[in-house]
Amino acid sequence: MVLFPQARRAVEAAAGQPRVFEAGFDVAAARLEARRLAAAQPREDVAEVLDVDAGGVPCRLYRPAGARPGVVVHVHGGGFVMHDVDVHDAVARRLADRSRTAVLSVDYRRPPEHPFPAAPDDVSTALAWLEEQAARPGDPLGVAGPTYGHGDSAGANLALVAALRHPGRFTALALIYPFLDPTASFDSYATAADGFDPREAAWYWEQYAATPADLEHPDLAPLRSEGLGALPPTLVVTAEHDPLRDEGEELARRLAAEGVAVVATRYLGQVHGFWRHVDVFDAAEPLMRQVAAFLDQHRPDQHRPDQHR
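Residues numbered from 1 in each chain as written. Predicted model: local features only at pLDDT ≥ 70, side-chain atom pairs only at ≥ 80, totals over all residues. Heavy atoms only, no water.

### Quick look at the overall build of the protein chain
Looking only at helices and strands, one finds 9 helices and 8 strands in the protein chain. Expected size for 309 residues packed as a compact globule is a radius of gyration near 19 Å; at 18 Å, the protein chain falls within 12% of this value. Dimensions of the protein chain along its principal axes, counting C-alpha atoms only, are 55 × 45 × 40 Å. Each of the 309 residues in the protein chain was classed as buried or not, and the buried ones make up 53%. Pairs at least 24 residues apart make up 77% of the contacts formed inside the protein chain by residues separated by at least 6 positions. On the protein chain, roughly 13,100 Å² of surface is accessible, and the fraction owed to carbon and sulfur atoms is 51%. For the protein chain, the separation between the mean place of its 30 positive charges and that of its 44 negative charges on side chains is 5 Å. (Helix = DSSP H or I, 4+ residues; strand = E, 2+ residues; numbered from the N terminus. Rg over C-alpha atoms; globule rule 2.2 N^0.38 Å. Buried < 20%, exposed > 50% of the residue type's maximum accessible area, 1.4 Å probe, protein only. Contact = heavy atoms within 4.5 Å. Areas by Shrake-Rupley, 256 points an atom, 1.4 Å probe, with all protein chains shown as cover. Lys, Arg positive; Asp, Glu negative; His and termini not counted. Charge placed at Lys NZ, Arg CZ, Asp CG, Glu CD.)

### Comments concerning the pattern of salt bridges
The tally for this structure, following the rule as stated, stands at 24 salt bridges. The shortest N-O distance in the salt bridge between Arg-68 and Asp-296 comes to 2.7 Å. Of this pair, Arg-68 sits in strand 3 (residues 68-75) while Asp-296 sits in helix 9 (residues 284-297), and the two are 228 residues apart along the sequence. According to the relative accessible area criterion, Asp-296 is buried, its value standing at 19%. For the salt bridge of Arg-165 with Asp-219, the shortest nitrogen-to-oxygen distance reads 3.0 Å. Of this pair, Arg-165 sits in helix 5 (residues 154-165) while Asp-219 sits in the loop between helix 7 (198-208) and strand 7 (234-239), and the two are 54 residues apart along the sequence. Assessed through its relative accessible area of 25%, Arg-165 is described here as partly exposed. (Salt bridge = Lys/Arg side-chain N within 4 Å of Asp/Glu carboxyl O.)

### Observations concerning the layout of surface pockets
Estimates place the volume of the largest pocket at around 1,800 Å³. Looking at the largest pocket, it is lined by 50 residues, and the ones nearest its centre are Ala-14, His-83, Glu-200, Arg-276 and His-277. Residue assignment for the lining of the largest pocket shows that the elements contributing at least two residues are helix 1 (5-14), helix 2 (27-39) and helix 7. Residues that form the lining of the largest pocket fall into these classes: 27 nonpolar, 13 polar and 10 charged. (1 Å grid on protein atoms, 1.4 Å probe; cavity = no way out; pocket = protein on both sides within 12 Å on 5 of 7 lines; lining within 4 Å. Points joined across faces, edges and corners; volume = space filled by probe spheres on them. Nonpolar A, V, L, I, M, F, W, Y, C, P; charged D, E, K, R; others polar.)

### Focus: helix 7
An α-helical turn contains 3.6 residues, so a residue and the one three or four places further along point in the same direction. Buried within helix 7 are the following residues: Glu-200, Ala-201, Trp-203, Tyr-204, Trp-205, Gln-207 and Tyr-208. Lining the buried residues of helix 7 we find helix 2, helix 4 (118-134), helix 5 and helix 6 (188-191).

### Section: the nonpolar core
Core analysis: the largest hydrophobic core is formed by 57 residues, its most contacted members being Leu-104, Phe-179, Leu-231 and Leu-251. Tallying contributions element by element places helix 5 first for this core, with 8 residues. Those residues in contact with Leu-231 that lie beyond four places of it in its chain are Leu-160, Ala-163, Leu-164, Leu-173, Leu-255 and Val-260. Of all hydrophobic cores here, the second largest spans 30 residues; its members include Ala-92, Ile-176, Ala-239 and Ala-284. (Core = buried A, V, L, I, M, F, W, Y, C linked by side-chain atoms within 4.5 Å.)

### Focus: the pairing of strand 6 (residues 172-176)
A large share of strand 6 lies buried, amounting to 5 of its 5 residues. Covered by surrounding structure in strand 6 are Ala-172, Ala-174 and Ile-176 together with Leu-173 and Leu-175, the residues of both alternating faces. Two strands pair when backbone bridges link them, and strand 5 (residues 147-152) and strand 6 are joined in this way by 5 bridges, in the parallel orientation. Across the sheet, Gly-149 pairs through a bridge with Leu-173, a residue of strand 6. With helix 5 bridging strand 5 and the parallel strand 6, this β-α-β connection has right-handed handedness. Inspection of the sheet shows strand 6 paired to strand 7 by 4 bridges, in the parallel sense. (Pairing = 2+ DSSP bridges. Right-handed = clockwise from strand over helix to strand, strands pointing away.)

### A word on the packing of aromatic side chains
We describe a pair of aromatic rings using the distance from one ring centre to the other and the angle between the two ring planes. Evaluation of the coordinates by the stated rule reveals 11 aromatic pairs. Relative to Trp-203, the ring of Phe-25 has its centre 5.8 Å away and its plane inclined at 80°; by these criteria the two rings are edge-to-face. Residue Phe-25 is found in the loop between helix 1 and helix 2, and its partner Trp-203 is found in helix 7; the two are separated by 178 residues along the sequence. Ring plane angle 80° and centroid distance 5.6 Å describe the contact between Phe-116 and Tyr-208, whose orientation is recorded as edge-to-face. Residue Phe-116 is found in the loop between strand 4 (101-106) and helix 4, and its partner Tyr-208 is found in helix 7; the two are separated by 92 residues along the sequence. Accessibility assignment for this pair places Phe-116 and Tyr-208 in one class, buried. (Phe/Tyr/Trp six-rings, centres within 6.5 Å; stacked < 30°, edge-to-face > 60°.)

### Quick notes on the side chain of Asp-181
With respect to the secondary-structure elements, Asp-181 resides in the loop between strand 6 and helix 6. Summary of buried charges: Asp-181 has no salt-bridge partner, and the nearest side chain of opposite charge, Arg-224, is 6.6 Å away. Every residue in contact with Asp-181, bar those within four places of it in the chain, is listed here: Phe-186, Tyr-189, Trp-205, Leu-223 and Glu-247.

### Digging into the packing of helix 3 (residues 89-99) against helix 9
Two numbers describe how helix 3 lies on helix 9: the axes approach to 9 Å, and their chain directions differ by 50°. By the angle between their directions, the pair helix 3 and helix 9 is classed as oblique. The handedness of the crossing between helix 3 and helix 9 is right-handed. Facing helix 3, whose interface residues are Val-91, Arg-94, Leu-95, Arg-98 and Ser-99, helix 9 presents Ala-284, Glu-285, Met-288, Arg-289, Val-291 and Ala-292. Residues that form the contact of helix 3 with helix 9 fall into these classes: 6 nonpolar, 1 polar and 4 charged. (Axes fitted to C-alpha atoms, helices over the stretch in contact; angles between N-to-C directions. Parallel < 35°, antiparallel > 145°, perpendicular 65-115°, else oblique. Left-handed = near helix turned anticlockwise from the far one by under 90°.)

And the structure:
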């Protein structure tokens with residue numbers, strides 16, 4: 001297991017940064033710094049970008065030129081605590097352009113101010129709002145058609161939970177290195193080479209859970225769900241040197257055993273977070289195109305190879 005040079009440089013650059021579990025860590029300052037860094041990322045033009053109120057949940061809607069029917073619901077990562085639609089603006093733009101589909105980026109409430117189940121409730125509210133908008137005469141927001149779920153890290157957890165809460169709502173699901181297991185019991189926590197400290201994962205779960213009992217709730221820890229077999233076709237992507245690698249791949253194995261059409265891809269030499277940084281990691285753009293192709297493959301009007309047999 002060898003870190004690719006770009007990943008190694010990213011790990012080295014992050015060394016010495018404040019750790020979330022250290023005394024005095026300032027959540028508000030960390031959020032501001034993430035926004036500052038994200039503002040420097042390259043941004044693509046999208047034909048239309050609208051800040052919308054989705055039933056009380058702030059969201060940002062991206063509509064590329066020539067958008068095809070439907071919408072991708074993007075749920076951002078950040079350990080449930082960090083990041084927002086501004087931090088994910090650049091990747092949401094790329095996702096809209098590559099998928100040629102509208103993208104709704106959900107600015108869900110975050111802990112510690114708003115612990116579980118505020119975040120999954122907000123995603124559910126946004127989904128209900130989308131359904132109302134799609135039913136409006138003339139579909140003025142251009143969101144009618146298939147709905148796809150997408151998220152990275154904690155956002156992948158929330159996208160997965162939304163699919164489990166609302167069976168049949170998503171046409172397909174794309175999960176980028178999902179954050180799933182509050183027990184941190186998989187081997188990749190001990191073998192990851194990206195400088196990740198297991199205390200960091202524990203801190204995020206502690207902020208997210210309102211009570212210790214929440215850590216066993218399937219809406220927080222979806223590997224505990226008994227409804228995995230009802231999921232739509234799902235793409236699960238992991239990174240070789242990510243402590244979350246094994247829990248994502250365990251999800252993929254369970255989905256396959258349940259008969260779900262699942263594709264699982266491990267990106268060699270990569271670390272957690274690479275997908276969001278096209279300006280740093282060569283693998284980021286191919287992954288974005290893989291997601292777009294997977295969603296396109298599962299459009300209801302797409303011809304399947306087996307239809308011609």
